[in-house]
Amino acid sequence: MKIGYARVSSQDQHEDRQIAAMLEAGVELSNIYLDKQSGKDFNREAYKSMLKALRQGDTLVIKSIDRFGRDYEQIRKEFAAITDRGIMINVLDMPALNTDQVVAAGLTGKFISDIILSILGYVAEQERQNIKTRQAEGIKTAKAKGVKFGRPTKEIQAQRVSALLATDDNMTVEAACKVYGISRRAYYNYK
């Protein structure tokens, strides 16, 4: 049986491209597991469920190695742990990693596959490091420009509630407080 695994890094990213590629590769929609979280480690709910569903003789289909994970050492360990269970892995964007082809090619194929997996795992982890660096630089630049991060203070929320009440005669204090996520007590304390 073919089982697919897809991953995107956040809730607002789209997995459509990965799902379409797996369907085209012959994976049934009901056999595709999807995580919407970082690939920094393999502590993901759908990934764990997918591992439990895999049986000897099955084929795990993933779109690309960076969708599998972003940690070089962990990618290698997971890849080995899955194939040691007698499960084939099919990486759609990198056929040289497909374990069925590696087995057919013998020792040379395994050697080449290990080299490619090492390189791609390294590249995936390096990209994760680059993302973190760019994010930190962006935050630093935004803070230098005066951008505030995090939740607004209760005082700011109370000011917003007051402004909303001033513009809408039909709005109750309770409804306005609910809009801005502040309790009536907090609103009156700051008023």
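Quick caveat: nothing in here was measured; it's all calculated off a predicted structure. (Residues numbered from 1 in each chain as written. Predicted model: local features only at pLDDT ≥ 70, side-chain atom pairs only at ≥ 80, totals over all residues. Heavy atoms only, no water.)

**Student:** How should the overall build of the chain be read in this particular structure?
**Tutor:** In terms of regular secondary structure, the chain is built from eight helices and four strands. Order of helices (α) and strands (β) in the chain, N terminus to C terminus: β-α-β-α-β-α-α-β-α-α-α-α. With 191 residues in all, the chain has 34% of them scored as buried. Considering only contacts within the chain whose residues lie at least 6 apart along the sequence, 60% involve residues at least 24 apart. Carbon and sulfur atoms make up 52% of the accessible area of the chain, which totals about 11900 Å². (Helix = DSSP H or I, 4+ residues; strand = E, 2+ residues; numbered from the N terminus. Buried < 20%, exposed > 50% of the residue type's maximum accessible area, 1.4 Å probe, protein only. Contact = heavy atoms within 4.5 Å. Areas by Shrake-Rupley, 256 points an atom, 1.4 Å probe, with all protein chains shown as cover.)

**Student:** Sorry, what's going on with the sheet that holds strand E4 (residues 88–91) here?
**Tutor:** The strand order across the open sheet built from four strands is E2-E1-E3-E4, with neighbouring strands paired in parallel fashion. The sheet terminates laterally at strand E2 (32–36) and E4, the two strands that pair on one side only. The average undirected angle you get between the axes of adjacent strands in this sheet is 20°. Bridge count between strand E3 (residues 59–62) and E4: four bridges; the pairing is parallel. Bridge pairing in E4 places valine 61 opposite asparagine 90. Of the strands in this sheet, strand E1 (2–8), E2 and E3 are in contact with helix H1 (residues 16–24), which crosses E1 at around 170°. (Pairing = 2+ DSSP bridges. Axes fitted to C-alpha atoms, helices over the stretch in contact; angles between N-to-C directions.)

**Student:** Could you clarify how one ought to interpret the nonpolar core in this entry?
**Tutor:** Nonpolar side chains in soluble globular proteins tend to be buried together. Among the nonpolar cores identified, the biggest contains 16 residues, and Tyr47, Met50, Leu54, Leu60, Ile62, Phe68 and Ile82 are the most heavily contacted of them. Elements with a contribution of two residues or more to this core: E1, helix H2 (45–53), E3, helix H3 (65–68), helix H4 (72–84) and E4. Per-element tally for this core: the top contributor is H4, with three residues. If we ignore the near neighbours within four places in the chain, the residues touching leucine 54 are Ile3, Leu60, Ile82, Arg85 and Ile87. Among the nonpolar cores identified, the runner-up in size contains nine residues, and Leu164, Cys177, Ile182 and Tyr187 belong to it. (Core = buried A, V, L, I, M, F, W, Y, C linked by side-chain atoms within 4.5 Å.)

**Student:** How should I be thinking about the packing of aromatic side chains in this particular structure?
**Tutor:** By convention here, two paired aromatic rings are described through the distance between centres and the angle between planes. Going through the model one piece at a time under the given rule, you end up with three aromatic pairs. With a centroid separation of 5.3 Å and 80° between ring planes, the pair formed by tyrosine 5 and tyrosine 47 is classed as edge-to-face. Here the residue tyrosine 5 occupies a position in strand E1, and tyrosine 47 occupies one in helix H2, the gap between them amounting to 42 residues. If you follow arginine 44 out to its NZ or CZ, it ends over the ring of phenylalanine 42, 4.7 Å from the centre. Here the basic side chain of arginine 44 rests over the ring of tyrosine 47, its NZ or CZ set 5.5 Å away from the ring centre. (Phe/Tyr/Trp six-rings, centres within 6.5 Å; stacked < 30°, edge-to-face > 60°. Lys NZ or Arg CZ within 6 Å of the ring centre and 35° of its normal.)

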